[in-house]
Amino acid sequence: MKRVFALALGVMTAIGGFVDVGNLVTSGITGARFGMSLTWAIVVGTIAMTLYGEMAGRVAAVARRPVFHIIRERLGVRTALVNLLAFVLLSLLTLAAELGGVALVLELVTGINYLVWVPLIAAAVWLIVWRMSFSVMENLFGVLGLCLVVFVVALFVLPTDWGSLWHGVTHPWVPPREGHPMYLFYAVSLLGACLVPYQVVFFSSGGREEHWTPKNLTEMRFNCVVGFPLGGLLSIAIMAAAAVVLQPLQINVKHLGQVALPVARALGPVGLSIALVGFAAALLAAAAECALSIGYSVGQFFGWSWGKDRRPREAPRFHLVCLVAVIAATAFILTSIDPIAVTVVSVVLGAAAVPLTYFPVLVVANDRDYMGGRVNRRWSNALATVFLVLMVVTSIAAIPLIFFTKAGQ
Amino acid sequence: MDAGKRFSADEMLLDRQIFDADDQPLGKVDDLELTLPDGGGPPVLTAILCGPTALGPRIGGRIGQWWAAVGRRLRPSDEPYPNRIPLDQVGKVDSTRLTLTVSRDVLDADRMRDWTRDHIIGRIPGA
Amino acid sequence: MRAVELIGAAVYDSDGVPVGAVRDLFFEAVGGQVPDSGRPAYRLRALECGAVGLAHRLGYGHRSITGPWPLTVLMQRLVQNSLIVGWEQIAALGTGRVDLAVRRDQLRWAQQEEL
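Being a predicted model, the structure only gives us computed values, none of them experimental. (Residues numbered from 1 in each chain as written. Chains lettered and ligands numbered in written order. Predicted model: local features only at pLDDT ≥ 70, side-chain atom pairs only at ≥ 80, totals over all residues.)

## Details of the sheet that holds strand β8 (residues 98–100) of chain B
Residues and elements named next belong to chain B.
Now for step 1: Read from one edge to the other, the open sheet built from four strands follows the order β3-β2-β8-β7, with strand pairing classed as mixed. Across the chains shown, the open sheet's two edge strands, defined by having one partner strand only, are β3 (25–28) and β7 (90–93). With direction set aside, neighbouring strand axes in the sheet form an average angle of 30°.
Now for step 2: Across two bridges, β7 lies against β8 in antiparallel orientation. Within β8, the position partnered with V90 by the bridge is L100. (Pairing = 2+ DSSP bridges. Helix = DSSP H or I, 4+ residues; strand = E, 2+ residues; numbered from the N terminus. Axes fitted to C-alpha atoms, helices over the stretch in contact; angles between N-to-C directions.)

What follows is the structure, given as structure tokens:
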């Protein structure tokens, strides 16, 4: 029984860890603008995340190396440093977007301008990083994040035309009012939201924090294979809810409140408040994970002591980096730059940076000197290679698409 | 140091995580020290080098110089030569791990950590 | 001497023909021991020189990497083109430059080398 409970908890945290501001915003926008025609991007992104997440988890458990140890060992100092800088800048942008997202939720609830909330949320995120134990953080927010299941419930309450939703899924054509570049831009944004690099850094570093050994492999795989796809399903549900309610009204999503609108329509204030609790929990957890990932990556690159299971005195530079990251992201979002725009740009730039983080993981997962008999199987290599090629193509296309579509405007 | 009969720098040493005798991390193998023997012949590996003053030259360019300068400030008497861990303090080295035979507290090789702890993090309540 | 002075240095043969850059250092245990430790001392046996460093860094040179398929073929081809310079074949060490006492075609290919 205890084991079942632990497995369930792991799955819930995987779901919570998967869904962050990027998924909420991109699913909401694309559902409202493109109906279900971009579902494939979430499906592809989720499968790739599951595959590479499992690999990173296996490397963390068997070779006892988190992602940025691998990056430095396998890419050398200079390439790894470029990689680190790209990762840190990108994660700062993501962190800013998550902070802004929580602030927008609180603005909706209280009516007080979101900028007032930003410093308070930043302080809360820092306290989570500073004091809260790793397992409490993961479990508490993972479970609260499950409130997002309310989107699935809403779909059943709404007069959903399942046939036409399915038709959209199976006919991924560009809607008449949209152009091809716009369609591709949002496809990249959905892929980027599923594959944000901080997720895999956090997952593997978390594995080291929890001292995974090969004994934990089954549990880790179960979390990946069940948790991440359920997270992807949740993203699809949010997209579908937007397609059902927002698309006919031709609403262009500019605020997190609009993403929650379908739930309010279906389930009234109670549903709305559950959705908002889910938003806040998922984004707050993502913000903390993002700040921690910045600390993890820098600490691992330089070989410092890092991690939440050490007292701050024992890992001072790790905590300093996390603190500076939270302050920098807060300052950025306080410039009153639109958090939704920051989110969209961050996931697309994230898509551009994905191969940097994922490629070394793939190589090491094939290294018998590290992994012994637990190297990748042939089929997972074949699949991983296909996804890697796709990621590289996406990465090359991402930045031109940002300019060409004016970041999806 | 015990690394078997033959090994290559890339395969076993450079950029590896160093763990001390208590399993605590103590930086990376940022560089290697080779000494030419007095009697001639090939250079002998005498120490592993770590910390910013060792890493800076490997990064190269402005960033590398700046990082090395940060490290030099933290060294006693502005010493530019990096922290060295002599080979007799290095234990077993294989393709998975590099472990020292001493505790990191004995080595005094990580002044940057101590400085950050004493001047910044240690002053925040709850540290 | 520090490893950073060797790794990346440009290598030229006795006729001044470029051989590549130093990618890796090979060590071997010698009879002597590090004083007081009972452990073997290591000396620099050879340098590995090649045009492309990435394949080496990723470990496609001497590690047993089993995949993924198109990458293994590509990387192993890159690694094969690197050459081994024994310490005794070096004529002079300069800043960022290694001059050899032998011609390029007298060097051994890396793939024939037992690590």
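## Let's talk about the pairing of strand β5 (residues 44–50) of chain B
All names here are of chain B.
Now for step 1: The element β5 is extensively covered by neighbouring structure, given that five of its seven residues are classed as buried.
Now for step 2: With five bridges joining them, strand β4 (residues 31–35) and β5 adopt antiparallel strand pairing. Residue pairing across strands places E33 opposite A47, the latter belonging to β5.
Now for step 3: Bridge count between β5 and strand β6 (residues 83–86): four bridges; the pairing is antiparallel. Following the sheet pairing, C50 is matched in β6 by N83. (Buried ≥ 20, exposed ≤ 12 C-beta atoms within 10 Å, placed from the backbone.)

## Observations concerning the environment of C:N81
Residue and element names in this part refer to chain C.
Now for step 1: Structurally, N81 can be placed in the loop between α3 (69–80) and β4 (83–86).
Now for step 2: The exposure class assigned to N81 is partly exposed, which follows from the 15 C-beta atoms found within 10 Å.
Now for step 3: Placed 29 residues apart in sequence, N81 and A110 show a C-alpha to C-alpha distance of 7.3 Å.

## Some details on the environment of A:L190
Residue and element names in this part refer to chain A.
Now for step 1: Within the secondary structure, L190 is located in helix α9 (residues 180–195).
Now for step 2: Put simply, L190 and G22 are 168 residues apart on the chain and 8.0 Å apart in space, counted from C-alpha to C-alpha.
Now for step 3: In contact with L190, other than residues within four places in its own chain, are T26, T30, L38, A41, I42 and G45. (Contact = placed C-beta atoms within 7 Å.)

## Some remarks on the confidence of the model for chain B
Residue and element names in this part refer to chain B.
Now for step 1: For chain B, mean pLDDT is 86; residues scoring 70 or higher make up 100% of the total.
Now for step 2: Within chain B, no element has a lower average pLDDT than helix α4 (residues 104–107), which sits at 80, and none a higher one than strand β2 (residues 17–19), at 92.
Now for step 3: For this predicted complex, the interface confidence score (ipTM) comes to 0.92, while the overall pTM stands at 0.92. (pLDDT = per-residue confidence, 0-100.)

## Examining the interface of chain A and chain C
Now for step 1: Across the boundary between the two partners, chain A contributes 14 residues, which contact eleven residues of chain C.
Now for step 2: For the side of chain A that touches chain C, the residue count by class is five nonpolar, five polar and four charged. (Nonpolar A, V, L, I, M, F, W, Y, C, P; charged D, E, K, R; others polar.)

## So, the interface of chain C and chain B
Now for step 1: Across the boundary between the two partners, chain C contributes 27 residues, which contact 24 residues of chain B.
Now for step 2: At the level of secondary structure, the elements contributing two or more residues to the side of chain C that touches chain B comprise α1 (3–6), β2 (18–33), β3 (40–50) and α2 (54–58) of chain C.

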